[in-house]
Amino acid sequence: MTGAYVAGAVSCVAQLGIPDLLEAAPKSAEELAKEIGADPRALYRLMRATASVGVLSEGPDGKFSQTPMSAVLRSNATPSLRAWTIMGGREWHGRGWSNLEYCVRTGKQAVEQIYGAHVFDFLKQHPAEGQIFNDAMTELSMIDSPAVAEAYNFEGIRSIVDVGGGHGLLLATILKGNPHLRGILYEMPHVIEGAKNGPLKPLLGRCALASGDMFSSVPEGVDAYIMKHIIHDWPDDGCLQILKACRKGVNSGGRLLVVDSVIQPGNDFSPGKFLDLQMLIFPSGCERTEKQFRDLFAASGWRLSRIIPTVASDSIVEGLPAYGSL
């Protein structure tokens, strides 16, 4: 039950930039308080608490130093989890979790109840929060994009569209490892603006940036569509619109690659099962089992062909066109 205390404390350490300030050498709470404009005693209590769970380490001289768990909270870490950790402590995120009962009773989204807008509209209306969110998604991509690119064989695919691919880190990783491929990053207009100077910039000779509404259409005439952490954001009706648009646009013999958690039945611990609760609170989607993916694919003109695990927590759910179904 005190997990929320730990998460809040670690988020605060990240937001204050403490790991960045400890990169060169250990420092005391008094030294750090002067640098960031904080109360020394309060800062010490925060750092003492996080050190007790391995985020920072307190020495006998009262100075704090880095640990492997705090090092990933540096802004220049590769990969970094600073923005992801900060996002977990933001007001809108905390208020969402505090309204989990409302979500369970109604099946509706907490952020929409609290702020009167879908979470993605809320983030668009609040650019500072949207930037934290986008940075957090890029950080996660730094971990799972190489895992996806390594796990899947892209031979036989000449063109691929990354649907809802953020600033393009996944697509850039795939293109770098597969020189024969050409790609298209497909996103909302305001996200594409941020992608112009992102990971795809050195690859724009083999990649195009396109914007539009994935619920109505996607770039057509390609060999494959890939979408990471997109399908889990939406309920079935929204997913069907996206997947049908992909089915309509794919070349003969093309493929669909959905990168998400695949929930396993039973009592075994799985981060995906708690991530599924987050989907209930925020985007109003869900994490799915193999059967749910299979049914979703079948209803949108695809046939689930295989599920490929990666060294990250996600799997690649591959679909092939189910001819005659659309």
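All figures in this text were calculated on a predicted structure; none of them were measured in a lab.

Undergrad: Help me get a handle on the overall build of the protein, residues and values and all.
TA: When its secondary structure is counted, the protein shows 16 helices and 12 strands. Relative to the 2.2 N^0.38 estimate, which gives 20 Å for 326 residues, the radius of gyration of the protein is 21 Å and therefore close to what a compact globule would have. For the protein, the C-alpha atoms occupy an extent of roughly 70 × 50 × 40 Å along the three principal directions. Residues classed as buried in the protein amount to 46% of the 326 residues present. Within the protein, counting contacts between residues at least 6 apart in sequence, those at least 24 apart form 64% of the total. Just so you have it, the protein exposes about 15,700 Å², and 54% of that area is on carbon and sulfur atoms.

Undergrad: Please provide a residue-by-residue account of the state of the cysteines, values included.
TA: Under the counting rule described, the total for this entry stands at zero disulfides. Counting only cysteine sulfurs, C239 is the nearest neighbor of C246, a cysteine outside any disulfide, at a range of 11 Å.

Undergrad: How would you explain the packing of helix α1 (residues 3-16) against helix α4 (residues 40-51) if you had to name every residue and give the values?
TA: Put simply, α1 and α4 touch, their axes get as near as 9 Å, and they point 120° apart. The orientation of α1 relative to α4 falls into the category oblique. For the crossing formed where α1 meets α4, the hand is left-handed. Each of A9, V10, C12, V13 and L16 in α1 lies in contact with α4, whose residues at this interface are L43, L46 and T50.

Undergrad: Hey, could you go over the sheet that holds strand β1 (residues 27-28) for me, with residue numbers and the actual values?
TA: The three strands lie next to each other as β1-β3-β2, forming an open sheet whose pairing is antiparallel. Each edge of the open sheet is held by one strand with a lone partner, namely β1 and β2 (57-58). Bridge analysis of β1 against strand β3 (residues 63-65) gives two bridges, and the strand direction is antiparallel. Across the sheet, S28 pairs through a bridge with K63, a residue of β3.

Undergrad: Can you explain the side chain of S261? Please cite residues and give values.
TA: Relative to the assigned elements, S261 resides in the loop between β8 (250-260) and β9 (262-263). The buried category is assigned to S261, whose relative accessible area is 8%. Apart from residues lying up to four places away in sequence, S261 is in contact with G272, L275, E287, R288, F293, S313 and D314.

Undergrad: Kindly report on α4, identifying the contributing residues and their values.
TA: With 12 residues, α4 ought to run about 16 Å at 1.5 Å a step, and its terminal C-alpha atoms sit 16 Å apart, in line with that. Taken together, the buried positions of α4 are occupied by L43, Y44, L46, M47, T50 and A51. Down the axis of α4, the buried set is contained in an arc of 165°. They therefore lie on one face.

Undergrad: Hey, could you go over the pairing of β8 for me, with residue numbers and the actual values?
TA: For β8, a buried count of eight out of 11 residues is recorded, marking the element as mostly surrounded by other parts of the structure. Relative to β8, strand β7 (residues 222-228) runs parallel, the two sharing six bridges. Looking at the pairing, Y225 lines up with L256 of β8. Between β7 and its parallel partner β8, the chain crosses via helix α14 (residues 236-249), and the hand of that crossover is right-handed.

Undergrad: Can you break down the packing of aromatic side chains residue by residue, with the values?
TA: Within a pair of aromatic rings, the relevant descriptors are the distance that separates the centres and the angle that separates the planes. One pass over the full model with this rule turns up 10 aromatic pairs. Between Y152 and F154, the ring centres sit 5.0 Å apart and the planes meet at 70°, which makes this aromatic pair edge-to-face. For the pair Y152 and F154, a shared accessibility class is recorded, and that class is buried. Each residue in the set W92, Y115, F122 and F282 is aromatic and connected to the rest through ring pairs, giving one cluster.

Undergrad: So what about helix α11 (residues 127-151)? Which residues, and what values?
TA: Between its first and last C-alpha, α11 extends 35 Å over 25 residues, near the 36 Å set by a 1.5 Å rise per residue. The axis of α11 is deflected most strongly, by about 40°, at M142, and proline P146 appears within four residues downstream. Among the residues of α11, E129, G130, I132, F133, A136, E139, L140, S141, D144, S145, A147 and V148 are the ones counted as buried.

Undergrad: An account of the nonpolar core is needed here, citing residue identities and associated values.
TA: Grouped together as the largest cluster of nonpolar side chains are 26 residues, with contacts concentrated most on V163, Y225, M227 and F297. At the level of secondary structure, the elements contributing two or more residues to this core comprise β4 (159-163), β7, α14, β8, α16 (290-299) and β11 (302-309). Per-element tally for this core: the top contributor is α14, with five residues. Once residues within four sequence positions are removed from consideration, M227 is found in contact with D162, V163, I242, L243, C246, L256, L257, V258 and V259. Ranked by size, the runner-up nonpolar core spans 23 residues in total, among them V148, L170, L185 and C207.

Rules of the game
- Residues numbered from 1 in each chain as written.
- Predicted model: local features only at pLDDT ≥ 70, side-chain atom pairs only at ≥ 80, totals over all residues.
- Heavy atoms only, no water.
- Helix = DSSP H or I, 4+ residues; strand = E, 2+ residues; numbered from the N terminus.
- Rg over C-alpha atoms; globule rule 2.2 N^0.38 Å.
- Buried < 20%, exposed > 50% of the residue type's maximum accessible area, 1.4 Å probe, protein only.
- Contact = heavy atoms within 4.5 Å.
- Areas by Shrake-Rupley, 256 points an atom, 1.4 Å probe, with all protein chains shown as cover.
- Disulfide = S-S within 2.5 Å.
- Axes fitted to C-alpha atoms, helices over the stretch in contact; angles between N-to-C directions.
- Parallel < 35°, antiparallel > 145°, perpendicular 65-115°, else oblique.
- Left-handed = near helix turned anticlockwise from the far one by under 90°.
- Pairing = 2+ DSSP bridges.
- Expected span 1.5 Å × (residues − 1).
- Arc of directions from axis to C-beta.
- Right-handed = clockwise from strand over helix to strand, strands pointing away.
- Phe/Tyr/Trp six-rings, centres within 6.5 Å; stacked < 30°, edge-to-face > 60°.
- Bend = angle between axes of the 7 residues up to and from the residue.
- Core = buried A, V, L, I, M, F, W, Y, C linked by side-chain atoms within 4.5 Å.

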